[in-house]
Amino acid sequence: QGYKMKKLLRILMVGSLFAERQVKSQEILDKINNRISIKYEDIIVDGNLNFTSMYDNNTVVPTADKTMLEKALNFFNINIDVKENKEITSNIEVPIEFLNCTFIGKVIGWENDDDNGISYKAVFKDNAIFSNCIFKDEVLFKYTEFNGKTDFSNNNYNKSTLFKYAKFNSEVSFAGSIFMEEANFKYSTFPQKTTFSGNKFKNNANFKYTEFDDSVDFSDTNFNEEANFKYTKFPKGVSFENSVFSALSNFKYTEFTNPLNFEGTIFNGEANFKNTTLDGEEFTNHISQ
């Protein structure tokens, strides 16, 4: 009787997976283009979800003819880029909300056209919520701006995540997330409270030069590979309580400010606190290894 019940439950679970509705990414982008608020739950997003495609076609800069200088440099096989890189902004005016969704393709908030010297970036003017989601492919939010309520909590990131130079202008949570490949937050800015608590970084976690203007929570987080906080500033305090660093933890030139919490933190790999400061004074590492 118990075996039959378990078998029935497995069938129901498999059935529920196939019952998830698939939505083409272009359908979602068309709604955004028509100023329709986006709220999806328990769907599978099919195809790359490219938020940089929301720009006004009239703003695209045409490819310029090569200047005489460029032609001369090319004649002598001198490769110097003398063109200014142009940026096209896609403003996402409506709130975006995805709950318990699976993204099969890439989720794109920035891309670069090297040939024409044009970069495209998304600016979320309203809420941007991606919670309890699974990202099967890359998440590319380099240079992307988030202005409304922002939530990236309890997600599974199966491929690399790129938030390099991203700007988060409100409180943001990445709590309870799993990063299978590199998580890159280098040079990103967080002006308000931020949490990465309960995260699992299976690969490199890069927070080099990241700007945290308010308090930050990295408690109960597992860093399986290198955790890079080199040159990072924590002017309103940070907690690494009960976190585990299994490989190199790089806090070289990091600027800590109280409250600083390393209670219960475990360093199983090398911990580099060279030239680190706490409240402007030399940071003396008394943490047991």
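These notes cover the structure that comes with them.

Reading the values: rules and limits
Residues numbered from 1 in each chain as written. Predicted model: local features only at pLDDT ≥ 70, side-chain atom pairs only at ≥ 80, totals over all residues. Heavy atoms only, no water. Phe/Tyr/Trp six-rings, centres within 6.5 Å; stacked < 30°, edge-to-face > 60°. Helix = DSSP H or I, 4+ residues; strand = E, 2+ residues; numbered from the N terminus. Buried < 20%, exposed > 50% of the residue type's maximum accessible area, 1.4 Å probe, protein only. Patch = residues over 30% accessible without salt bridge, like charges linked within 9 Å, V, L, I, M, F, W, Y side chains within 5 Å. Areas by Shrake-Rupley, 256 points an atom, 1.4 Å probe, with all protein chains shown as cover. Salt bridge = Lys/Arg side-chain N within 4 Å of Asp/Glu carboxyl O. Disulfide = S-S within 2.5 Å. Pairing = 2+ DSSP bridges.

**Some remarks on the packing of aromatic side chains**
Given two aromatic rings, one states the distance between the centres and the angle between the planes to describe the pair. All told, the structure shown has 74 aromatic pairs when counted by the stated rule. Both rings, one in Phe 174 and one in Phe 185, keep their centres 5.2 Å apart while their planes meet at 85°; by these two values the pair is edge-to-face. With Phe 174 in the loop between β19 (172-173) and β20 (178-179) and Phe 185 in the loop between β21 (183-184) and β22 (189-190), this pair connects stretches of sequence that are 11 residues apart. For the pair Phe 174 and Phe 185, one class covers both residues: buried.

**Notes on a nonpolar patch on the surface**
On the surface, Tyr 209, Tyr 231 and Tyr 253 cluster together into a nonpolar patch covering about 250 Å² of accessible area. Positionally, Tyr 209 belongs in the loop between β25 (205-206) and β26 (211-212).

**Some points on the state of the cysteines**
Going through the model one piece at a time under the given rule, you end up with 0 disulfides. No disulfide involves Cys 101; its sulfur sits 4.9 Å from that of Cys 133, the nearest cysteine.

**Considering the sheet that holds strand β29 (residues 227-228)**
Taken together, the 9 strands give an open sheet; going across it, the order is β4-β8-β13-β17-β21-β25-β29-β33-β37, and neighbouring strands pair in parallel fashion. The two strands at the open ends of the sheet, each matched to only one other strand, are β4 (49-50) and β37 (271-272). Here strand β8 (residues 107-108) runs beside strand β13 (residues 139-140); their pairing, made up of 2 bridges, is parallel. In the sheet register, Ile 108 faces β13, and the bridge partner there is Leu 140.

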